[in-house]
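Structural features, examined
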Amino acid sequence: MKIFNETTWKRATAANTHWGYLHRVRKLSPVTTAIPNCAIPDKPRQLFPLPQEPILAAQQSRASTPTAQGALSPHRAPQQPLARRQRRCIAATTRSHIAMATNLAPGLPWTRRLRLPEGLAREEQQHYRLRERSACRDKKPLVGRAARPVTALPARLPAAARPVLCQAGAAAMAGEGSMFRLRCSLLGHGQDVRGLTRGLFPEGGFVSVSRDRTARLWAPDGLNRGFTEMHCMSGHSNFVSCVCIIPPSDLYPRGLIATGGNDHNICVFTVDNPAPLYILKGHKNTVCSLSSGKFGTLLSGSWDTTAKVWLNDRCMMTLQGHTAAIWAVKILPEQGLMLTGSADKTIKLWKAGRCERTFTGHEDCVRGLAILSEMEFLSCANDASVRRWQISGECLQVYYGHTNYIYSISVFPRCKDFVTTGEDRSLRIWRQGECAQTIRLPAQSVWCCCVLDNGDIVVGASDGIIRVFTESLERTASAEEIQAFENELAQASIDPKTGDLGDINADDLPGREHLKDPGTRDGQTRLIKDDGKVEAYQWSISEGRWIKIGDVVGSSGATQQTSGKVLFEGKEYDYVFTIDVNENGPSYKLPYNITDDPWLTAYNFLQKNDLNPMFLDQVAKFIMDNTKGQTLLSTSNQFSDPFTGAGRYVPGSASNAAPPVGGVDPFTGMSAYQSTGAKVENIYFPKKDAVTFDQANPTQILGKLKELNGNAAEEHKLTEDDLIILEKLLSATCNTSAETPTAQQLQTLWRAVNWPEDIVFPALDILRLSVRHPTVNENFCSEKEHVQFIILLLKFLNPKGKQANQLLALRALCNCFVSHAGQKLMMEQRDEIMTQAIETKSGNNKNIHIALATLTLNYAVCLHKVNNIEGKAQCLSVISTVMEVVQDLEAIFRLLVALGTLISDDTNAVQLAKSLGVDSQIKKYASVSEPAKVKECCRFVLNLL
């Protein structure tokens, strides 16, 4: 967990917004214009009076008689000095407007010139300028863009081209198409809206899903502006993260709604019933993406690194090949082709269950996919880019505009324009490959979007509100609703670390007068300093004005030292901290006043954002460390927690120190484990030696053996001599005798362990104890005997067999790890042993679970010593699977130690564990009160993850 409180800002990426500090060109008037002296670059700018008559004459001439290309215009009469002067002015004017269209400053040396080809139509010239402007702004190569033949700017432009050049700036700013405005805001969900999809019924509706564990069906209301919630669907036991519509069929003519959640399940609903029609189970972790195809086919992607293909209520196949979580899936129109996008930065194309092609290019986790045609698709990623691909594997184009993670992408109907949303608080509309409009939202994370049939855009965000935007004036919200939205946006706080605000010092910012100058393009952002606070504004071309999009939190000029208070969610605080829980998740805001209790503030923060209570100490300590000398609360060396009372454990607090506990093994349970207080040290992992099962009562074991031997069939009965031999073997292996086990004793033991299943368990117990002895271990695990030995033990791991035999066979396998011969055999047979052993998890016997966890731990100990990523992957998968069913805390503890041992000093293993979602599985154990070893070990593991 990383906590940030910097007041410096990170430099924005190449797609950063234009701040408007470039030289500005004043609006042309018929009489006077401000023009740089192009003929003499090192002279300052001058004002040239521009006679109106020649311009009017030229306009009349163009209107009546078009000038032939190549002929001299009235402005170029060589015998008139005034004409030469005016020609210079017109050239400078042209240059100024071209500079404005390309974000270059007039009067400065041109490092990149815009040259228009002759003979282009007006629309083509405008599109050309837009393309060049974007390239200059982004400082990115125009990947995959078709190159036009570019010639030098002609000395004598056709008359029809001159007015186009003079309007270049305006054309570049306006772009193509009308602007989107707010249609409505929908309240209903209690937490983040994580998924949206266009609905088939009712017409014009959509479905949303949320962290509040519900899905909601929305239908347009009669006023054609808002939407009405038809019903709320429930069926998941945890967050709902994705949704899609299954097309209509004869059985379900209105189609079905499929939702995926953090409970690993997929719920399928009808459109008129809030309860699931059926539930699909099979994934081992969060289902985070869904897509439907023909004939009711459903494709699901999960954090378990797999995608599954479903038909009705059956899983038809599993797609395996990604090495990290699958965040996005799509079924292509062509039957049988499927796409998956993953946190391993790749996209894979599948056909008939086989990976046909892997697309590489993104530099971070792929988060979204959208289909353009049967041959092309789009992808978005955490690297803040959008890519357009051909199915053949070629990347046709890369789009830049966002300044942080891009979470979702959706295509407009019947065209290749699209919309994206991301972590930079924005919805962006893309037309003809350019970002034509940017809409800011009063929420940090804009998780999802979808486009309706009428072209309206639906957006879901981390504030739990659904917002719909439209181009239609008829469906646009009322002035009051738009004003309310702008007020909400103005009260939002902006984190400069999102990269959307650039690198600039608040002392250098201008005041409110800076907003009198118009912006140069839609979505341009401008910072001002007003009354000691830093405010951010965005230029709206459709409105022709600057709209406030929030206060900058954490920037110089808006801190406790300068302005006294920081505005957050419409309220003033002494501090507003930014909390990052993990690298892939969003940031959270923690507001704090010096009159607040730091412990209570930390607790409420964790509760509000549904974060693990294990962070309570860390967050509270961070608050106190960063507000030293700014507290009104009386403090003492003895902290008092409002939830657990005085004397609670505080890391580093000497008052809570307990005397060291010597000789306490957290695995044996012989005495309660206690923290040493001054500093909790990781004594749990990486574990160096195998854990064995040593406790036994030889007298009881022999007594039971003799009892069962008396009732055994004649062919299985042991003689009295045999029983004496086994007694000596048990004595030798339990260290009560100095004798070495003999071959005769081992042969007798082998006869005993081949007894019938219902009476064999005392013999298995003797084997469990004996295999710890080096001689016995070498004998049973040697290359000559190991095959029969492993077959015997695996036979007893049958989940339908007797639990006593399962338990003792697992313990015997664990004890094999004490010697080199046993370790070698166990590693050679790892796949067979682990595959069979994991089947014993289905029972509810806690001793079996402990033995299974111990076996996994011993494998982790061996794998930690060797670089075997395949073995670690299998072991991590076993840990994740067993964690789902085990309840006993001792078994949990041993699994935690195994996990910590596997991932220690191995970044690949850490990534594997993350992709399996193990961190989310174990978080709940960080708040366990007793035994303390579970909580402490869990915290150490989470620190590694």
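Analysis parameters
- Residues numbered from 1 in each chain as written.
- Predicted model: local features only at pLDDT ≥ 70, side-chain atom pairs only at ≥ 80, totals over all residues.
- Heavy atoms only, no water.
- Buried < 20%, exposed > 50% of the residue type's maximum accessible area, 1.4 Å probe, protein only.
- Helix = DSSP H or I, 4+ residues; strand = E, 2+ residues; numbered from the N terminus.
- Pairing = 2+ DSSP bridges.
- Axes fitted to C-alpha atoms, helices over the stretch in contact; angles between N-to-C directions.
- Parallel < 35°, antiparallel > 145°, perpendicular 65-115°, else oblique.
- Left-handed = near helix turned anticlockwise from the far one by under 90°.
- Contact = heavy atoms within 4.5 Å.
- Nonpolar A, V, L, I, M, F, W, Y, C, P; charged D, E, K, R; others polar.
- Phe/Tyr/Trp six-rings, centres within 6.5 Å; stacked < 30°, edge-to-face > 60°.
- Polar contact = N/O pair within 3.5 Å; in protein donor to acceptor, adjacent residues only side chain to side chain.
- UniProt positions renumbered as here; feature names shortened; annotations may be inferred.
- Patch = residues over 30% accessible without salt bridge, like charges linked within 9 Å, V, L, I, M, F, W, Y side chains within 5 Å.
- Areas by Shrake-Rupley, 256 points an atom, 1.4 Å probe, with all protein chains shown as cover.
- Salt bridge = Lys/Arg side-chain N within 4 Å of Asp/Glu carboxyl O.

What follows is about the pairing of strand E10 (residues 256-261). Residues in a regular strand point their side chains to alternate faces of the sheet. When you tally the buried positions in E10, you get six out of six residues, the bulk of the element. The alternating pattern of E10 places Leu 256, Ala 258 and Gly 260 on one face and Ile 257, Thr 259 and Gly 261 on the opposite face, and all of these are buried. Where strand E9 (residues 240-246) meets E10, six bridges bridge the pair, whose relative direction is antiparallel. Each bridged residue has a counterpart across the sheet, and for Cys 244 the counterpart in E10 is Ala 258. Hairpin connection from E10 to strand E11 (residues 266-270): four residues lie between these consecutive antiparallel strands, with His 264 at a positive phi of about 75°.

A few words on unusual backbone geometry. With an omega of -5°, the peptide bond running from Phe 201 to Pro 202 counts as cis. One can find Pro 202 in the loop between strand E5 (193-198) and strand E6 (206-210). Residue Pro 686 is reached from Phe 685 by a cis peptide bond, and omega for that bond is 0°. Looking at the secondary structure, you find Pro 686 in the loop between strand E41 (645-646) and helix H9 (698-711). In this structure, Ala 384 is a non-glycine residue whose phi angle is positive, near 70°. In this structure, Ala 384 sits in the loop between strand E22 (376-381) and strand E23 (385-390). For Ala 384, a relative accessible area of 10% gives the class buried.

Here we take up the packing of helix H15 (residues 803-815) against helix H18 (residues 846-865). Where H15 meets H18, the axes come as close as 9 Å, and the angle between the chain directions of the two elements is 20°. Here H18 runs roughly parallel to H15, going by the angle between their axes. Our pair here, H15 against H18, has a crossing hand that is left-handed. Taken together, the residues of H18 that come into contact with H15 (itself represented by Gln 803, Gln 806, Leu 807, Leu 810, Arg 811, Leu 813 and Cys 814) are Asn 847, Ile 848, Ala 851, Leu 852, Thr 854, Leu 855 and Asn 858. Of the residues assigned to the contact of H15 with H18, the class counts are eight nonpolar, five polar and one charged.

Time to look at the sheet that holds strand E21 (residues 366-371). With respect to topology, four strands assemble into an open sheet ordered E21-E22-E23-E24, the strand pairing being antiparallel. Of all strands in the sheet, those with a lone pairing partner are E21 and strand E24 (395-400), marking the two edges. Each neighbouring strand pair of the sheet contributes to a mean axis angle of 20°, computed without reference to strand direction. One ladder, built from five bridges, connects E23 with E24; its direction is antiparallel.

Applying the stated criterion across every chain, the model contains 21 aromatic pairs. Summarising the aromatic geometry, the rings of Phe 359 and Trp 389 are spaced 5.5 Å apart at their centres and angled 75° between planes, so their arrangement reads as edge-to-face. Separated by 30 residues along the polypeptide, Phe 359 in strand E20 (residues 354-360) and Trp 389 in strand E23 bring together distant segments of the chain. We note that Phe 359, like Trp 389, is buried.

So, on to the side chain of Thr 470. On the secondary structure map, Thr 470 appears in strand E31 (residues 466-470). Residue classification places Thr 470 among the buried residues on the basis of a relative accessible area of 0%. At 3.0 Å, the side chain of Thr 470 forms a polar contact with the backbone nitrogen of Ser 472. In this structure Thr 470 touches Met 179, Phe 180, Arg 181, Arg 183, Asp 456, Arg 475 and Thr 476, once residues within four positions along its chain are discounted.

Let us look at the UniProt feature "repeat: WD" (unreviewed entry) in the protein. Within the UniProt annotation, "repeat: WD" (unreviewed entry) is assigned to residues 280-310, 319-351 and 399-430. Taken end to end, residues 280-310 is 0% helix and 58% strand, and its two terminal C-alpha atoms sit 9 Å from one another. Secondary structure within residues 399-430 divides into 0% helix and 56% strand; the distance between the first and last C-alpha atoms comes to 9 Å.

It is worth spelling out the pairing of strand E19 (residues 346-351) at this point. Buried residues dominate E19, accounting for five of its six residues. Note that strand E18 (residues 337-342) and E19 share five bridges and pair antiparallel. Of the residues in E19, the one forming a bridge with Leu 339 is Leu 349. Joining the antiparallel neighbours E18 and E19 is a turn of three residues, in which Lys 345 adopts a positive phi near 75°. Two strands pair when backbone bridges link them, and E19 and E20 are joined in this way by six bridges, in the antiparallel orientation. Directly across from Leu 349, in E20, lies its bridge partner Arg 357. In sequence, E19 turns back onto E20 through a hairpin of two residues, with Ala 352 there showing a positive phi of about 55°.

Further remarks concern the environment of Glu 535. Checked against the element boundaries, Glu 535 lands in strand E34 (residues 533-540). With 44 residues separating them in the primary sequence, Glu 535 and Gln 491 have C-alpha atoms 9.9 Å apart.

Moving on: a nonpolar patch on the surface. On the surface, Phe 295, Leu 311, Met 316 and Met 317 cluster together to form a nonpolar patch covering roughly 390 Å² of accessible area. For Phe 295, the location among the structural elements is in the loop between strand E13 (287-292) and strand E14 (297-302). Residue classification places Phe 295 among the exposed positions, given a relative accessible area of 64%.

As for its placement among the helices and strands, Gln 874 is situated in helix H19 (residues 869-883). Engagement of the side chain of Gln 874 in a polar contact is seen with the side chain of Asp 831, the distance being 3.0 Å. Ignoring sequence-local partners within four residues, the contact set of Gln 874 consists of Arg 830, Asp 831, Met 834 and Thr 835.

Let us look at the environment of Ile 623. Here Ile 623 shows up in helix H8 (residues 616-625). Of the residues examined, Ile 623 reaches a relative accessible area of 0% and is grouped as buried. Each C-alpha atom, one on Ile 623 and one on Tyr 592, is 8.2 Å from the other, the two residues being 31 residues apart in sequence. Ignoring any residue separated from it by four or fewer positions in sequence, one finds Ile 623 in contact with Leu 590, Tyr 592, Pro 598, Thr 601 and Ala 602.

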